[in-house]
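Commentary on secondary and tertiary structure
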Amino acid sequence: MATTGIRGQARQDAIAGWLFVAPALAILGIFLVVPILFAAYYSFTDWNGISPPTEARLIGLRNYYDLLLSGGIKQQDFFKALKNTTYFALGVVPLQTGAALVLAVIVNQRGLRFKDFFRTAYYFPSITSSIAISLIFLFLYQKSGLVNYVLEVITFGRWEPIAWLADARGLFHILLEPLGITLRTGPEFLRAKVAGLTLWDWISGPSVALTAIMLQNSWTTTGTMMVIFLAALQDIPSFVYEAAQIDGANNWQIFWKITLPLLRPTLFFVITLGLIGTYQVFDQIYVMTSGGPAKTTLTMAYIVYRNGFRNSEMGLGLATAVLLFAIIFLLTMLQRRITEAREG
Amino acid sequence: MTISHAPPRGRSRPLSTVLWDRTRLVLSYAILFGLALAFFYPFTLAVTTSFKPLPEIAANPVKLLPDQWTLEGYRRMVGLNVDRWLFNSAFVAVCITLGNVILASLAGYALSRVPFPGREALFLAILGTMMIPGIVLLIPRFILFKLLGMIDTYQGLIVPGLVTSFGIFLMKQFFESIPVELEEAAFMDGASRFQIYWNVVLPLTRPAVIALTIFSFQGSWNDFMGPLIVISTNQDLYTLPLGLAFLRGGIGQNLQWNAILAGSMLTTLPMALIFLFFQRYFIEGISYAGLKG
């Protein structure tokens, strides 16, 4: 093609630019943008997933009402899932972020050997299929399995083996029991209902089964987070530490006053990844518990699937998904606010 | 880091500091090796258990080495068509990886180097789609697949994954770190945009291409939610994770642990091998993504 000065070049670039992005754009448009529009529209319908989608009837805000206000089982399940997922995130995000940060700092010490080995060992679970890991842990969490065995050994036989994934008792309930507080003996207000669940139910904490999955999840993701922290740590120039040491700062002060503030953007990234991931926990639940026992591992992502595919209420499932989207969005924004406020 | 080699203002370090440094190092190794064991042991036990006969597993699921080695679990997996699932997983992952490398690098190049109208807005829009949680797409994609007749097809497994916003973002960031002078020389020689992309820039981005290859392959190989909604009745199209979940069956079912763990190992092994050979790139890739994100 003959180029005629600047103008010809600009036109050629416009054509080339759009041609280069066109294939990617087509795929993202069809499989990302169109589905989002579908989600918004079909969440107002009664589509069951079996009849042709074109035959779905618009039913207004019915699905949202069922989930948020109806007082029925759909509302109960929604808030149970919200409660479980929130406990899940509140447990897993600090655990994996904290553990990853501590590990990264330890591995990054000067004079420490086998750095590459540790990095490889910790990262390994992150490359493994979540389904394969879930099946392995299903095996380890049996009553006669490895987890109970190890606990028995380190407590010199005092640990009573439990069926981890079949145990619906809430952790906080277990802690409250020795204090003489149960649903029967506790103060009256614990029996008050908030959004379909009793207050006693809300403060249950994660069930033993959910805790087991939380630990497994942290076990899987800590390695990724550690590698990210380690890269950021190695990005901090050594003269920063040297200057602090000349000024007489000890290791503890160096960590809190220098390392941590310099890691803030990485910390934000890791926590965001953690929140987005934990609020969508699905694979593990699907394979290990299907939401049981007693619905204590029902998560937001899992009820999206269950409402839609198992119960053939796609409209309801989509409304659940839209609400989950809103929750994740708000959390990310809130977290950004907090991080920025601290910096400001 | 060389902090300790220059003790502040020439004072020799007090004994207590030296002792503390020693103790700290020993403690560190204890923690690190202990955790490494906690990460490796479950896999090791899963491997050896996959070679045990069922009664032995039921009698003692904790013992590491089998009394009697058997291929029973693996034979059962073969009987279930695991070779077909393996092929499907590999085929889908290879297609998706190729698609990502080509489409994301093309788009990334244009977004970083070719001045075309609407470029900034387009890039922002692509960044925006990275915010969409995957679970939100679960049901709407099912609707789309139904309308397009893609349920129970390879197209359904492959086409949606051919490019990701993350891949485009990664490639664009990388292209921007390459000095523009290299291209200008080729430009003066009258090379077209595509020639510059293909002959000059792409060869320079080998590390990014390898990182993207690994991310895409791993993402596809381990993906569960995607195949779960595309494949409804045709078990010949199962990928490994889907096959494994099917094998697990319902809650409370009596599980054939040797077969289940054999399947888990067959799913893990290919990724593990790739990881061992290309570790450096995995680590670099995830670090890079972390620093840029």
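Residues numbered from 1 in each chain as written. Chains lettered and ligands numbered in written order. Predicted model: local features only at pLDDT ≥ 70, side-chain atom pairs only at ≥ 80, totals over all residues. Heavy atoms only, no water.

A count of helical and extended segments in chain B gives 14 helices and zero strands. N-terminal to C-terminal, the α/β element order of chain B is α-α-α-α-α-α-α-α-α-α-α-α-α-α. Since a compact globule built from 293 residues should have a radius of gyration of about 19 Å, the 25 Å found for chain B marks it as more spread out than a globular shape. Along the three orthogonal principal directions, the C-alpha set of chain B runs to about 75 × 75 × 35 Å. Residue burial in chain B is summarised as follows: out of 293 residues, 51% are buried. (Helix = DSSP H or I, 4+ residues; strand = E, 2+ residues; numbered from the N terminus. Rg over C-alpha atoms; globule rule 2.2 N^0.38 Å. Buried < 20%, exposed > 50% of the residue type's maximum accessible area, 1.4 Å probe, protein only.)

A separate point is the pattern of salt bridges. Residue and element names in this part refer to chain A. Within the structure shown, the criterion is met by 14 salt bridges over all chains. Of the charged contacts in the structure, one is a salt bridge between Asp66 and Lys74, with a shortest N-O distance of 3.6 Å. Asp66 sits in the buried class, given a relative accessible area of 8%. Looking at Lys74, the relative accessible area reads 27%, which means it is partly exposed. Residue Asp167 is joined to Arg169 by a salt bridge in which the shortest nitrogen-to-oxygen separation is 2.9 Å. On the basis of relative accessibility, which here comes to 11%, the residue Asp167 falls in the buried class. Connected via shared salt-bridge partners are Arg62, Asp66, Lys74 and Glu313. (Salt bridge = Lys/Arg side-chain N within 4 Å of Asp/Glu carboxyl O.)

Looking now at the layout of surface pockets. When its volume is computed, the second largest pocket comes out at roughly 780 Å³. Among the residues making up the lining of the second largest pocket, the classes are represented as 15 nonpolar, six polar and two charged. (1 Å grid on protein atoms, 1.4 Å probe; cavity = no way out; pocket = protein on both sides within 12 Å on 5 of 7 lines; lining within 4 Å. Points joined across faces, edges and corners; volume = space filled by probe spheres on them. Nonpolar A, V, L, I, M, F, W, Y, C, P; charged D, E, K, R; others polar.)

This paragraph deals with a nonpolar patch on the surface. A cluster of nonpolar side chains, namely Phe114 and Phe117 of chain A together with Phe33 and Phe40 of chain B, defines an oily patch on the protein surface of about 360 Å² accessible area. Inspection of the secondary structure assignment puts Phe114 of chain A in the loop between α3 (73-107) and α4 (115-123). Using a relative accessible area of 43% as the deciding quantity, one classes Phe114 of chain A as partly exposed. (Patch = residues over 30% accessible without salt bridge, like charges linked within 9 Å, V, L, I, M, F, W, Y side chains within 5 Å. Areas by Shrake-Rupley, 256 points an atom, 1.4 Å probe, with all protein chains shown as cover.)

Accessible area lost upon the coming together of the parts serves often as the stated size of an interface. Between chain A and chain B, the contact holds 98 residues from the first and 102 residues from the second. Here chain A packs against chain B, burying approximately 9200 Å² in sum over the two surfaces, 80% of which is carbon and sulfur. Together, Phe20, Phe31 and Arg110 of chain A form the three largest contributors to the area buried by chain A at its contact with chain B, with a combined 9%. Where chain A touches chain B, the interface holds one salt bridge. Linking Asp13 of chain A and Arg193 of chain B is a salt bridge whose minimum nitrogen-to-oxygen distance equals 3.0 Å. Here chain A and chain B share 17 residue pairs in polar contact (both at pLDDT 80 or more) between them. Sort the elements by how many residues they give to the side of chain A that touches chain B and helix α1 (residues 5-42) of chain A lands first, with 22 residues. Classifying every residue of the side of chain A that touches chain B by side-chain character gives 69 nonpolar, 22 polar and seven charged. (Contact = heavy atoms within 4.5 Å. Buried area = accessible area lost by both parts, 1.4 Å probe. Polar contact = N/O pair within 3.5 Å; in protein donor to acceptor, adjacent residues only side chain to side chain.)

The next point concerns the domain arrangement of chain B. Per the domain assignment, the segments of chain B are domain 1 (16-40) and domain 2 (82-292). Averaged C-alpha coordinates put domain 1 of chain B and domain 2 of chain B at centres separated by 38 Å. (Domains from an automatic or database assignment.)

Turning to the packing of aromatic side chains, a few remarks are in order. For the coordinates displayed, the defined rule picks out 59 aromatic pairs over all chains. On the numbers, 5.9 Å between centres and 85° between planes, the contact of Tyr87 of chain A with Phe172 of chain A is edge-to-face. Of the two residues, Tyr87 of chain A is situated in helix α3 and Phe172 of chain A in helix α7 (residues 171-176); the sequence distance between them amounts to 85 residues. By relative accessible area, which is 38% here, Phe172 of chain A ends up partly exposed. Ring plane angle 45° and centroid distance 5.8 Å describe the contact between Tyr109 of chain B and Tyr197 of chain B, whose orientation is recorded as tilted. Of this pair, Tyr109 of chain B sits in helix α4 (residues 82-113) while Tyr197 of chain B sits in helix α10 (residues 193-204), and the two are 88 residues apart along the sequence. The exposure class assigned to Tyr109 of chain B is buried, which follows from its relative accessible area of 0%. Above the plane of the ring of Phe123 of chain B lies Lys172 of chain B, whose end atom (NZ or CZ) is 4.0 Å from the centre. (Phe/Tyr/Trp six-rings, centres within 6.5 Å; stacked < 30°, edge-to-face > 60°. Lys NZ or Arg CZ within 6 Å of the ring centre and 35° of its normal.)

A few words on the side chain of Thr97 of chain A. Residues and elements named next belong to chain A. The topology assignment puts Thr97 in helix α3. For Thr97, the side chain forms a polar contact with the main-chain oxygen of Val93, separated by 2.5 Å. Setting aside residues up to four positions removed in sequence, Thr97 forms contacts with Phe229, Leu267, Val270 and Ile271.

The subject of this paragraph is unusual backbone geometry. Residue and element names in this part refer to chain A. With an omega of -10°, the peptide bond between Gly292 and Pro293 qualifies as cis. As for its position among the elements, Pro293 is in the loop between α13 (283-288) and α14 (300-310). Phi at Phe156 takes a positive value of approximately 55°, unusual for a residue other than glycine.

Formed by 189 residues in total, the largest nonpolar core has its most connected members in Tyr122, Met226, Phe282 and Tyr286 of chain A together with Ile168 of chain B. Dropping the residues within four chain positions of it, Phe282 of chain A is found in contact with Ala301, Tyr302 and Tyr305 of chain A together with Phe224, Met225 and Leu228 of chain B. (Core = buried A, V, L, I, M, F, W, Y, C linked by side-chain atoms within 4.5 Å.)

Further remarks concern the confidence of the model for chain B. Residues and elements named next belong to chain B. Across chain B, the average pLDDT comes to 87, with 93% of residues at or above 70. Per-residue pLDDT, averaged within each element of chain B, yields its smallest value for helix α9 (residues 181-188) (82) and its largest for helix α7 (residues 154-158) (97). Contacts of residues 1-10 to residues separated by more than four positions or lying in other chains number 13 contacts, the stretch itself having pLDDT below 50. (pLDDT = per-residue confidence, 0-100.)

It is worth spelling out the domain arrangement of chain A at this point. Residue and element names in this part refer to chain A. On domain assignment, one finds that chain A holds domain 1 (5-63) and domain 2 (71-170 + 205-343). Computed from C-alpha coordinates alone, the two centres of domain 1 and domain 2 are separated by 33 Å. Domain 1 puts 10 residues into the contact, and the matching count from domain 2 is eight residues. Summed over both sides, the interface between domain 1 and domain 2 buries roughly 690 Å², with carbon and sulfur atoms accounting for 73% of that surface. Together, Ser43, Trp47 and Asn63 form the three largest contributors to the area buried by domain 1 at its contact with domain 2, with a combined 51%. Remark: the boundary between domain 1 and domain 2 carries zero salt bridges. At three residues, α1 tops the list of elements feeding residues into the side of domain 1 that touches domain 2.

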